[in-house]
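Each chain, written out:
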Amino acid sequence: MIAFARACDDIAQTSAKSAKVERLRAYLGSLSEKNLLAAVRFLSGSPLAAHDDRKIAIGSRTILAAARRLYSPTDDELASAYREKGDLGEALAQVMRPPLDLDLFAETLEPATLLEMLEALVAATGASLGKRREAVTERALRASRTPREVAYVVKILLGELRIGLREGLVLDAIAAAFSADPASVRRAAMAAGDIGAVALAARAGTLDAIAVRYGAAIGAMLASPVVFGSSYRELATGTWLVEDKYDGIRVQAHVHDGDVRLFSRTQSEISRAFPEIVAALRARARDAIFDGEIVAMRDGIVLPFRYLQPRLQRVDPTLEVQAEIPVRFVAFDVLAAGDRFLLDEPLVERRAQIVANLDATETLEIAPWRTLEPGTSPDAIAELFDAARARGNEGLMLKRTDAPYVPGRRGKWWLKLKRELTTLDVVVIAVEWGHGKRRAMLSDYTFAVRRSATDPELLAIGKAYSGLTDAEIVEMTTWFQAHRTGVHGRRAFAVEPSIVIEVAFDVVQPSTLHPSGFSLRFPRIARLRPDKPASEIDTLADVESVYREMLEREGVDR
Ligand code: AMP
């Protein structure tokens, strides 16, 4: 591990990316096959392949205990080293005592031996796992004969090298070391889900033979924001498609040989939270990796994100829970189909591949999209936006039809259009009976702000259909009935102004409709604020300042 540590120290000390890559190239080029596999895995931050779910689970406590046994540092020594370095590896490097014996048979550590030890550890099962972890840690430290080795062995065990090396740079260095095409190396890394395997393939010239590995999450492509109502200069070049921006959770679905796995944006597996989606994909999708969003749905309308939250917190939901909060997977991209990666295909082609590989059902939808005519006006975009909002969605996504799928990147190929959500704390002054299923509930609230901090006069500013949960609405209905103060139109009545709510909205504008002189566009009740007394709600001055800010922002953006 001496050479590994030296290379890492050099890399940590250079800031230029190209210099880091060059140093790493030289190091990787010098390694045997086994050490190469281990070293690149360590450099990428995890000794195990990315597609491997197992955990090494050696924590700082185990490492500290082993270090105490081996080096017998005083508590003061340890504490001050840690305080000085702020990194356990560096601190232990400082307190380590190099072995005095010149035992010719003492074990020295190479990347490959360290990896073998760790792989044996994760493969082990049984009751004495804790003991095994201790033994492996102690052996690794004992075989680290210099302070720099100790520093890096500890960092590897903890899974963080902190030398300013992102995986992309390791991949570039692999390409440079073995004269491979950097794009092929990146592609293979996504396919293999194991950077070690990619390094070996690059060295052997067999990158093309690496096939799609299902079950290893690929980084999600991200969008850059565009400002609502701007002139949309970004759309001037290329052809764009427009689709709804769904307010749910991003999910990558891997369907392979009857096995379906769902991954969240953080690449953790969430299949068990959504059994109905797993079942639907198993029945209705061909082998492919789909990208999309899971949304909560009721009566064909997408429900706000918070309805999904209880589903997220629950593994193996009961049928009742599944019926209470129905969910749908809306696919908007596909990354692979069968053995073929589609990342470099243009979006329109990938769109066609979704249709070819997925049959829509109640639970599976292919996100509808349309091409944006060149020169579409901001007003026309606002109309599309409003239509998306009317469907319960958050806004629009604009995507270039020739865009490749670039994992893990936020680029200009995808643009997201939503409106700033500003919220105001207001008090409910009148309530109205709902319609349909909510006929027996007081579900529409009229709310007001205060004239000023010193003047308690309440000035109505808007009305919103309650976005609260059914249970909350029922509870509030009882409360409002008991605190009725007068009439307020045919189906409504005034109530004691005590219930404070937080309302979100898209735009505030001057209006003669309400006594406050302002109205809100798309007001929705974000939550109840039982923690806030009505005397502390927002004032007219707050509304005016939100309005001014909004004007300024628009002025800048236009
Ligand atoms: P944001 O979370 O506001 O940064 O917006 C990016 C997120 O929008 C993505 O990570 C997706 O989860 C989500 N999203 C919703 N609808 C789409 C869509 N049609 N295409 C891409 N991303 C979408």
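Residues numbered from 1 in each chain as written. Predicted model: local features only at pLDDT ≥ 70, side-chain atom pairs only at ≥ 80, totals over all residues. Heavy atoms only, no water.

## Focus: the overall build of the protein chain
In plain terms, the rule: Helix and strand assignments come from DSSP, with helices taken as H or I runs of at least 4 residues and strands as E runs of at least 2, each series counted from the N terminus. The rule is simple: take the accessible area with a 1.4 Å probe, protein chains only, and divide by the maximum for that residue type; under 20% is buried, over 50% is exposed, in between is partly exposed. Throughout, a contact is declared for two residues whenever any of their heavy atoms are within 4.5 Å. The protein chains shown are the only cover counted for residues, whose accessible areas, like all others here, come from Shrake-Rupley with a 1.4 Å probe.
Each helix and strand counted, the protein chain has 19 helices and 21 strands in total. Taken across its 558 residues, the protein chain has 49% of its residues classed as buried. Considering only contacts within the protein chain whose residues lie at least 6 apart along the sequence, 69% involve residues at least 24 apart. Of the accessible surface of the protein chain, which amounts to about 26400 Å², a share of 52% is contributed by carbon and sulfur atoms.

## Focus: the nonpolar core
In plain terms, the rule: In this description, a nonpolar core means a group of buried Ala, Val, Leu, Ile, Met, Phe, Trp, Tyr and Cys residues linked to one another through side-chain atoms lying within 4.5 Å.
Judged by nonpolar contacts, the single largest core of 71 residues is most densely connected at Phe4, Leu24, Leu28, Leu43, Leu92, Leu114 and Ile174. Ala253, Ala285, Ala288 and Leu364 belong to the second largest nonpolar core, which has 32 residues in total.

## Thoughts on the pattern of salt bridges
Under the convention used in this document: We count a salt bridge whenever a side-chain nitrogen from Lys or Arg sits within 4 Å of a carboxyl oxygen from Asp or Glu.
Tallying each qualifying case throughout the model produces 42 salt bridges. Between Glu345 and Arg340 there is a salt bridge; the shortest N-O distance is 3.4 Å. We note a salt bridge from Asp425 to Lys532, for which the minimum N-O separation is 2.6 Å. Within this pair, whereas Asp425 is found in strand β13 (residues 422–433), its partner Lys532 is found in the loop between β21 (524–528) and α19 (540–557), the two being separated by 107 residues in sequence. Grouping residues by exposure puts Asp425 and Lys532 together as buried. Put simply, Asp9, Asp87, Glu90, Arg148, Lys155, Glu160 and Arg162 are held in one network by salt bridges that share partners.

## Let's talk about the sheet that holds strand β10 (residues 369–372)
Let me state the cut-off plainly: For two strands to be treated as a pair, DSSP must find at least two bridges joining them. To get an axis, a line is fitted to the C-alpha atoms, and for a helix only the part in contact is used. The angle between two axes follows their N-to-C directions and goes from 0 to 180 degrees.
Taken together, the 5 strands give an open sheet; going across it, the order is β1-β12-β11-β2-β10, and neighbouring strands pair in mixed fashion. The open sheet has two edge strands with one neighbour each: β1 (222–226) and β10. Strand-to-strand, the axes of this sheet are offset by a mean angle of 40°, without reference to chain direction. Relative to strand β12 (residues 410–417), strand β11 (residues 395–400) runs antiparallel, the two sharing 4 bridges. Opposite Met397, over in β12, you have Lys416 as the bridge partner. Relative to β11, helix α17 (residues 378–390) is tilted by about 125°, and along the sheet it contacts β2 (240–245), β10, β11 and β12.

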